[in-house]
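The lines below spell out each chain.
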Amino acid sequence: MATIEETPIDMTKLEAFVFRAVDEVGATLNTALVVMGDRLGLYRALAGAGPLTSTELAKRTGTAERYVREWLNAQAAGGYVEYDPESGRYTLPPEQAVALTDSESPAYLPGFFEIALGSVIDSPNITDAAQSGEGVGWHEHNHHVFDGCERFFRPGYNANLFSAWLPALDGVVEKLERGVTVADVGCGHGSSTILMAQTFPNSTFVGSDYHEGSIETARDRASAAGLDNIRFDVAPAAGFTGGGYGLVTMFDCLHDMGDPAGAARHVHDALADDGTWMIVEPNAGDRVEDNLNPVGRAFYGFSTLLCTPASLSQDVGLALGAQAGEARIRDVVTSGGFTHFRRAAETPFNLVFEARR
């Protein structure tokens, strides 16, 4: 009869883990509290205002003081605001103000919290899917996932796309300035497409996504911006229309596709002979141990709740995951017929690849 060897419990380690778990429960709850503070305008009212009481903040935001007082105490316990016990006032430090109120800053965080909240809200559906092995499509998620995704990624695109990413591609900026046709595949709400169309008026941009609701939002935003060099189509990555593109872009979406190799083949066929495919993916190493860090933890979490289920809901269901790494992306790209592939740029959150025929 087999025997089970009992491992002695280190009570100090157990206690440390329990208190770490308590901290993480507080952090999980704070995800909802950050979204709440953003929605109610609490951070914006605190920014630059100096020390405020809960009553003063409630009056400025038209909210109920008792809720605001408890919210402020939670924020103070987490280090998001500072509390002065003598005056009973709360202050939002300038660094937190940038991260929580400046939507143009690459450090802007409310969208990151919102997509996390949306992922947690939908987690029971992912739990059911994990038992059956079925996927959960992007379109099946709640609006916090869609809105949070766009709000999180847009500041990073705005900060890096024109200053670093596009200039890192061989000759692409010059082509865009002269005028080419660009396909932005998996565009979601169209932030990347609209930013490029505004910056390069001589070029024509076609954004596409399989999610009809996102495309409707993108069309509304392009219309509001008064752009006449842009259009948006509902189409899957392996089925977007047109050809002879000077540039095809994919922002943080290749790993979500069920058949990324099929999408790569379609991009290969749609590009002009001298065209470029720019692929922006989450920053990841090729080995699991390379990604066991705070950024990798967040991306593995999103990958479990969003990216992997999305891929499994589609044909092929390759499920690269958000931490696929450069080697796997290279394999996908070269399987599509591309002979040139290189890492062109990177940030703490993204890797940028250049592929050519």
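Placed above this text is the structure.
Predicted, not measured: the structure shown is a model, and the values here were computed from it.

Focus on a nonpolar patch on the surface
Reasoning step 1: Together, Ile 9, Met 11, Leu 14, Val 18 and Val 22 make up a nonpolar patch on the protein surface, roughly 490 Å² of accessible area in all.
Reasoning step 2: In this structure, Leu 14 sits in helix α1 (residues 11-40).
Reasoning step 3: The class for Leu 14 is partly exposed, based on a relative accessible area of 40%.

So, the packing of aromatic side chains
Reasoning step 1: Per the counting criterion, the structure on display carries 15 aromatic pairs.
Reasoning step 2: Ring centres 6.4 Å apart and planes at 70° place the aromatic pair Tyr 80 and Phe 113 in the edge-to-face group. One end of the pair, Tyr 80, is in the loop between α4 (65-77) and β1 (82-84); the other, Phe 113, is in helix α6 (residues 110-121), with 33 residues separating them in the sequence.
Reasoning step 3: Accessibility expressed as a relative area gives 14% for Phe 113, which makes it buried.
Reasoning step 4: Considering the side-chain rings of Tyr 157 and Phe 251, the 4.9 Å spacing of their centres and the 50° angle between planes classify their relative orientation as tilted. Placement of the pair is Tyr 157 in helix α8 (residues 143-165) and Phe 251 in strand β6 (residues 245-251), with a sequence separation of 94 residues.

Examining the environment of Phe 112
Reasoning step 1: Structurally, Phe 112 is set in helix α6.
Reasoning step 2: Between the C-alpha atom of Phe 112 and that of Gly 50, which follows or precedes it by 62 residues, the distance is 26 Å.
Reasoning step 3: With near-sequence residues (within four places) excluded, Phe 112 lies in contact with Phe 152, Ala 298 and Phe 302.

Re the pattern of salt bridges
A side chain of one charge can pair with a side chain of the opposite charge when the charged atoms of the two come close.
Reasoning step 1: Taken as a whole and judged by the stated rule, the model has 22 salt bridges.
Reasoning step 2: Note that Arg 231 and Asp 233 form a salt bridge whose closest N and O atoms lie 3.1 Å from each other.
Reasoning step 3: Assessed through its relative accessible area of 41%, Arg 231 is described here as partly exposed.
Reasoning step 4: Linking Asp 273 and Arg 357 is a salt bridge whose minimum nitrogen-to-oxygen distance equals 3.3 Å.

Here we look at α6
Think of an α-helix as turning once every 3.6 residues; residues three or four places apart then point the same way.
Reasoning step 1: Between the first and last C-alpha of α6 there are 16 Å, a value that for twelve residues agrees with the 16 Å anticipated at 1.5 Å per step.
Reasoning step 2: Summarising burial for α6: nine of the twelve residues are buried, a large majority.
Reasoning step 3: By the burial criterion, the buried members of α6 are Pro 110, Gly 111, Phe 112, Phe 113, Glu 114, Ile 115, Leu 117, Gly 118 and Ser 119.
Reasoning step 4: Buried residues belonging to α6 abut α1, α5 (94-101), α7 (123-132), α8 and α13 (294-312).

Considerations on the state of the cysteines
Reasoning step 1: One pass over the structure, following the stated rule, counts zero disulfides.
Reasoning step 2: In this model Cys 149 remains outside any disulfide bridge; the closest cysteine sulfur is found in Cys 307, 8.7 Å from its own.
Reasoning step 3: You can call Cys 149 buried: its relative accessible area is 19%.
Reasoning step 4: The thiol of Cys 253 is not disulfide-bonded; the next cysteine sulfur, from Cys 187, is found 8.9 Å away.

Section: the pairing of β6
Reasoning step 1: Extensive coverage of β6 is indicated by the burial of seven of its seven residues.
Reasoning step 2: Where strand β3 (residues 181-185) and β6 come together, four bridges link them in parallel fashion. Bridge assignment links Val 182 to a residue of β6, and that residue is Leu 247.
Reasoning step 3: Across six bridges, the pairing between β6 and strand β7 (residues 271-282) is parallel. By the bridge assignment, Tyr 245 is partnered in β7 with Leu 271.
Reasoning step 4: Between the parallel elements β6 and β7, the chain passes through helix α12 (residues 260-270) in a crossover that is right-handed.

Things to note about the environment of Ser 313
Reasoning step 1: With respect to the helices, strands and loops of the structure, Ser 313 is situated in the loop between α13 and α14 (326-335).
Reasoning step 2: As for Ser 313 and Trp 138, which are separated by 175 residues in sequence, their C-alpha atoms are 8.7 Å apart.
Reasoning step 3: Contact partners of Ser 313, with chain neighbours within four places excluded, come to Gly 135, Val 136 and Gly 137.
Reasoning step 4: Among the polar contacts listed, one links the side chain of Ser 313 to the backbone oxygen of Ala 310, at a separation of 2.6 Å.

Describing α14
Reasoning step 1: Every buried residue of α14 is accounted for by Glu 326, Ile 329, Val 332 and Val 333. Buried residues along α14 cover an arc of 125° about the axis, so they all sit on one side.

Quick notes on the pairing of strand β8 (residues 340-346)
Reasoning step 1: In the sheet, β8 pairs with strand β9 (residues 350-356) via six bridges, with the strands oriented antiparallel. Within β9, the position partnered with His 340 by the bridge is Arg 356.

About the criteria used
In this convention, every chain numbers its residues from 1, walking through the sequence in written order. The model is predicted, so local features are restricted to residues of pLDDT at least 70 and side-chain atom pairs to those at 80 or more, both for listing and for counting; the totals for chains, interfaces and linings are taken over all residues. Only hydrogens and water are set aside when side-chain values are computed; all heavy atoms of the structure are taken into account. Like-charged residues within 9 Å of one another, or nonpolar side chains (Val, Leu, Ile, Met, Phe, Trp, Tyr) within 5 Å, are grouped into patches, provided each residue has over 30% relative accessible area and no salt bridge. Each accessible area is a Shrake-Rupley result for a 1.4 Å probe, and residues are judged covered by the shown protein chains and nothing else. We define a salt bridge as a contact between a side-chain nitrogen of Lys or Arg and a carboxyl oxygen of Asp or Glu at a distance within 4 Å. Counting from the N terminus, the helices are the DSSP runs of H or I reaching at least four residues and the strands are the DSSP runs of E reaching at least two. Exposure is judged per residue with a 1.4 Å probe applied to protein chains only, and the accessible area is read against the type maximum: over 50% gives exposed, under 20% gives buried, and values in between give partly exposed. Aromatic contacts are taken between Phe, Tyr and Trp rings whose centres are within 6.5 Å, Trp giving its six-membered ring; a plane angle under 30 degrees counts as stacked, one over 60 as edge-to-face, and the others as tilted. We call two residues in contact when some of their heavy atoms are within 4.5 Å. Expected helix span is computed as 1.5 Å times (number of residues minus one). Note on terminology: disulfide denotes any pair of cysteine sulfur atoms within 2.5 Å. Strand pairing follows a simple DSSP-based rule, namely that at least 2 bridges must link the two strands. Look down the strands so they point away from you; if going from the first strand over the helix to the second traces a clockwise path, that crossover is right-handed. The definition of a polar contact used here is a pair of N or O atoms within 3.5 Å, where within protein one atom must be able to donate a hydrogen and the other to accept one, and adjacent residues in sequence count solely through side-chain atom pairs. This arc is built from the directions going out from the helix axis to the C-beta atoms.

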